[in-house]
Amino acid sequence: MDTLERRARHSAFSDPGRHAGLLRELSGIEEICAIANNLVLHYRAEAHLLRDDRRDEINARWISTILDLDQARNPGPLLNPRPPGDRVAGCCRDHALLAVAALREQETPARTRVGFTHAPDFCGDHVVAEHWNGTRWQRFDPELRPGTRPFNIRDFPTGEGSPFETAAEVWTGYRAGRLDPTRYGVAAGSPLSGPGFIRLYVIMEALHRHGQETLLWDGVADGITDADADNLAHLLLAADAGDTTAEDQLEHQVDTDPKLRLGPTVTQVSPYGDPPITIDLRSRRV
């Protein structure tokens with residue numbers, strides 16, 4: 001199976017399960033992006049709309065579970081407007097993965113990308129999506145609405161210094177001394193920033209690229225060294241440049257390296273500061 005065929009198939013996380021028909025009803029990238037915003041409430045940016053008893057929805061992780069939660073409140077087509085308070089709590093990862101799930105359901109190769117928004121003062125962590133347009137991977141941000149940015153939000157420019165920089169680009173720039181790592185993370189002054197955080201996101205980028213679309217607060221970097229991140233970033237950048245050997249090496253490493261490969265459980269930490277818990281990835285329960 002080649003790379004494009006693999007990316008057109010669902011991962012365990014993007015599989016909509018019994019809701020597949022709802023995704024097949026969508027037509028075109030704008031409708032797909034519209035449902036990502038219609039269904040997901042950003043737990044930080046829209047925190048004022050999130051009830052305390054629903055904050056754990058950010059850990060839904062599986063698209064089938066997110067759609068279960070949505071359909072329990074608003075059964076029917078995904079384009080029907082949801083009251084903001086009814087949307088499922090999540091973040092950029094969930095916006096992007098919903099779009100990817102819809103594209104894969106329609107047999108279009110798609111994947112999530114992990115990195116940082118590029119900004120003059122501080123570059124916040126972010127997840128966007130890509131789809132194969134027939135000749136190349138086209139990057140887009142389903143969380144953004146048309147007319148809100150001075151660039152094409154459905155076909156981003158790419159590369160270091162672009163509106164969205166991949167974790168591999170940021171790590172490579174930091175290691176080469178071209179950028180200040182303290183400007184990258186969750187928020188300015190947060191302990192979740194700097195070299196260690198960027199290194200973690202290189203791991204996240206490699207996992208997401210190969211269908212292991214973890215939550216951004218999953219513990220996935222145990223034992224990873226700077227040298228490991230250098231190697232992964234090199235492979236990621238080479239694969240982005242069209243090197244099929246690098247793509248194959250990267251996939252093999254994600255599948256076989258015990259420091260990268262997801263097991264049946266994962267340690268889930270909490271952006272709210274709750275104690276870490278162990279999640280059985282086979283259970284599909286929040």
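Data block above holds the structure.
For clarity, every value in this text was computed on a predicted model and none was experimentally measured.

Draft legend 1. A look at the overall build of the protein. When helices and strands are counted, the protein shows 9 helices and 10 strands. Against the 2.2 N^0.38 benchmark of 19 Å for 286 residues, the protein shows a C-alpha radius of gyration of 18 Å, consistent with a compact globule. Seen along its three principal axes, the alpha-carbon backbone of the protein occupies a region of about 50 × 45 × 40 Å. Residue burial in the protein is summarised as follows: out of 286 residues, 52% are buried. Taking all contacts inside the protein whose residues are at least 6 apart in sequence as the whole, residues at least 24 apart take part in 65%. Accessible surface for the protein amounts to roughly 12200 Å². Of this, 51% is attributable to carbon and sulfur atoms. One way to put it: in the protein the 32 positive side-chain charges average out to a point 2 Å from where the 43 negative ones average out.

Draft legend 2. Quick peek at the environment of Leu 281. With respect to the secondary-structure elements, Leu 281 resides in the segment after strand S10 (277-280). Not counting chain neighbours up to four residues away, the residues in contact with Leu 281 comprise Phe 13, Arg 61, Trp 62, Leu 262, Gly 263, Pro 264, Thr 265 and Val 266.

Draft legend 3. Examining the pairing of strand S3 (residues 110-117) more closely. For S3, the tally of buried residues reaches 7 of 8 residues, placing the bulk of the element in the interior. With 3 bridges joining them, S3 and strand S6 (residues 164-166) adopt antiparallel strand pairing. For Thr 117, the partnering residue across the bridge sits in S6 and is Phe 164.

Draft legend 4. How the structure looks around unusual backbone geometry. Although it is not a glycine, Arg 61 sits at a positive phi angle of roughly 60 degrees. Relative to the helices and strands, Arg 61 is located in the loop between strand S1 (40-42) and helix H4 (63-73). Among the residues examined, Arg 61 registers a relative accessible area of 1% and is labelled buried. The phi angle at Glu 107 is positive, at roughly 65 degrees, despite the residue not being glycine. Assignment of secondary structure puts Glu 107 in the loop between helix H5 (92-105) and S3.

Draft legend 5. Here's a closer look at the nonpolar core. If you look at the biggest cluster of nonpolar residues, it comprises 71 residues, and the most contacted ones within it are Phe 116 and Tyr 201. When residues in this core are grouped by element, the largest group, 9 residues, is from H5. For Tyr 201, the residues in contact, after removing those within four places along its chain, are Val 114, Gly 115, Phe 116, Asp 125, Ala 167 and Leu 216. Val 128, Leu 144, Ile 153 and Phe 164 belong to the second-largest nonpolar core, a separate cluster that totals 5 residues.

So, how was this worked out
The residue numbering used here restarts from 1 in each chain and proceeds along that chain's sequence as written. Local features are withheld for residues below a pLDDT of 70 in this predicted model, meaning they are given only at 70 or higher, and side-chain atom pairs are given and counted only at 80 or more; totals for whole chains, interfaces and linings count all residues. Remark: hydrogens and water are excluded; side-chain values derive from all non-hydrogen atoms of the structure. Under the DSSP-based scheme used, a helix requires at least four consecutive residues in state H or I and a strand at least two consecutive residues in state E, with every element numbered from the N terminus. Only the C-alpha atoms count toward the radius of gyration. The rule for a globule is 2.2 Å times the residue count to the power 0.38. Residue burial is assigned from relative accessible area. The probe radius is 1.4 Å, only protein chains are included, and a residue is buried under 20% of its type maximum, exposed over 50%, and partly exposed in between. Contacts are residue-level and defined by heavy atoms, with any inter-residue pair within 4.5 Å sufficient. For accessible areas, the Shrake-Rupley method is used with a probe of radius 1.4 Å. Any residue's cover is judged against the shown protein chains and nothing else. His is not counted here, nor are the chain ends, while Lys and Arg score as positive and Asp and Glu score as negative. Charged groups are reduced to one reference atom each: NZ for lysine, CZ for arginine, CG for aspartic acid, CD for glutamic acid. Strand pairing follows a simple DSSP-based rule, namely that at least 2 bridges must link the two strands. Only buried residues count toward a nonpolar core, which is a set of Ala, Val, Leu, Ile, Met, Phe, Trp, Tyr and Cys residues joined through side-chain atoms within 4.5 Å.

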